[in-house]
Amino acid sequence: MQPPLVTAEIGPAQIEVTVADIVTLAVDAIVNAANASLLGGGGVDGAIHRAAGRELLDECRALGGCATGGARITRGYGLPARHVIHAVGPVWSGGESGEPDLLASCYRTALDLAAEHGLQSIAFPAISTGVYRFPAGLAGRIAVGTVVSEISADPRGIERVVFCCFSNESADHHINALAELGLV
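Residues numbered from 1 in each chain as written. Predicted model: local features only at pLDDT ≥ 70, side-chain atom pairs only at ≥ 80, totals over all residues. Heavy atoms only, no water.

A.B. asks: Would you mind going over the nonpolar core in detail, with residue names and values included?
C.D. replies: A general feature of soluble globular proteins is that nonpolar side chains tend to end up buried together. Counting 41 residues, the largest nonpolar core has I85, Y107, I122, F124, V147, V161 and F163 as the members making the most contacts within it. At eight residues, helix α3 (residues 99-116) tops the list of elements feeding residues into this core. When neighbours within four sequence positions are excluded, I122 is seen to be in contact with A29, V31, I85, A110, L111, A114, I158, R160, V161 and V162. (Core = buried A, V, L, I, M, F, W, Y, C linked by side-chain atoms within 4.5 Å. Buried < 20%, exposed > 50% of the residue type's maximum accessible area, 1.4 Å probe, protein only. Helix = DSSP H or I, 4+ residues; strand = E, 2+ residues; numbered from the N terminus. Contact = heavy atoms within 4.5 Å.)

Written out as structure tokens, the structure is:
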């Protein structure tokens, strides 16, 4: 993996922005931008299911889905990450249907699950910015703002958060959000 483009310190935690394939990251948990069924799909969701193997799909079937804004945790199976946290982001429909709050909830719930399971490192993709059409700049501000706020208030044992972006443009949105908060 390439070195992070940017690193910031939030109390005892380190926040990184990088451009990489999330399925290659050796962290305690990677977050999957999942659909409500949790049974795989396109984009990062499909890539994670393919890389983890059939056992991931079998475990996800037993979970019975997940509501938008929520998250569920599974083992990582064939991934370098020990766990996958499946977060269901909102489909963008103009911003008047609670999409920003639902997206923030994905990040908070994923951090809560990581803390509940004693995980110290977590990597997030840019949830909802692909086929769910959430505006990438706004999504980056919500992602960074939510994570920084949560970690600042209570690190919960989380020592490393990686925003694993699929492109330099996506990374720039996260870096700009960190800059707006005066962290880089």
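A.B. asks: Any chance you could break down helix α5 (residues 168-180) for me, citing the residues and the numbers?
C.D. replies: With 13 residues, α5 ought to run about 18 Å at 1.5 Å a step, and its terminal C-alpha atoms sit 18 Å apart, in line with that. Where α5 is concerned, the buried positions are S170, A171, H174, I175, A177 and L178. Along the axis of α5, the buried positions cluster into a sector of 155°, meaning they face one direction only. Along α5, the residues that are exposed and aim more than 90 degrees away from the buried face are N168, E169 and E180. On the buried face of α5, the contacting elements are β1 (6-10), β2 (13-19), α4 (136-153) and β7 (160-165). (Expected span 1.5 Å × (residues − 1). Arc of directions from axis to C-beta.)

A.B. asks: Any details on empty space enclosed by the protein? Residues and values, ideally.
C.D. replies: Within this structure, the stated rule accounts for one cavity of 30 Å³ or more. When its volume is computed, the largest cavity comes out at roughly 40 Å³. Taken together, A126, T129, A136, A139, G140, F166, S170, H173 and H174 make up the full set of residues lining the largest cavity. Elements with a minimum of two residues in the lining of the largest cavity: α4 and α5. Considered class by class, the residues forming the lining of the largest cavity number four nonpolar, five polar and no charged. (1 Å grid on protein atoms, 1.4 Å probe; cavity = no way out; pocket = protein on both sides within 12 Å on 5 of 7 lines; lining within 4 Å. Points joined across faces, edges and corners; volume = space filled by probe spheres on them. Nonpolar A, V, L, I, M, F, W, Y, C, P; charged D, E, K, R; others polar.)

A.B. asks: I'd like a rundown of the sheet that holds β1, residues and numbers included.
C.D. replies: Strands sit in the order β1-β2-β7-β6-β3-β5-β4 across an open sheet of seven strands; the sheet is mixed. Each of the sheet's edge strands pairs with one partner strand only, and the pair in question is β1 and β4 (71-75). Taking the axes of each pair of neighbouring strands and ignoring which way they run, one obtains an average angle of 20° across the sheet. Pairing of strand β3 (residues 29-34) with strand β6 (residues 121-124), which is carried by two bridges, proceeds in the parallel orientation. (Pairing = 2+ DSSP bridges. Axes fitted to C-alpha atoms, helices over the stretch in contact; angles between N-to-C directions.)

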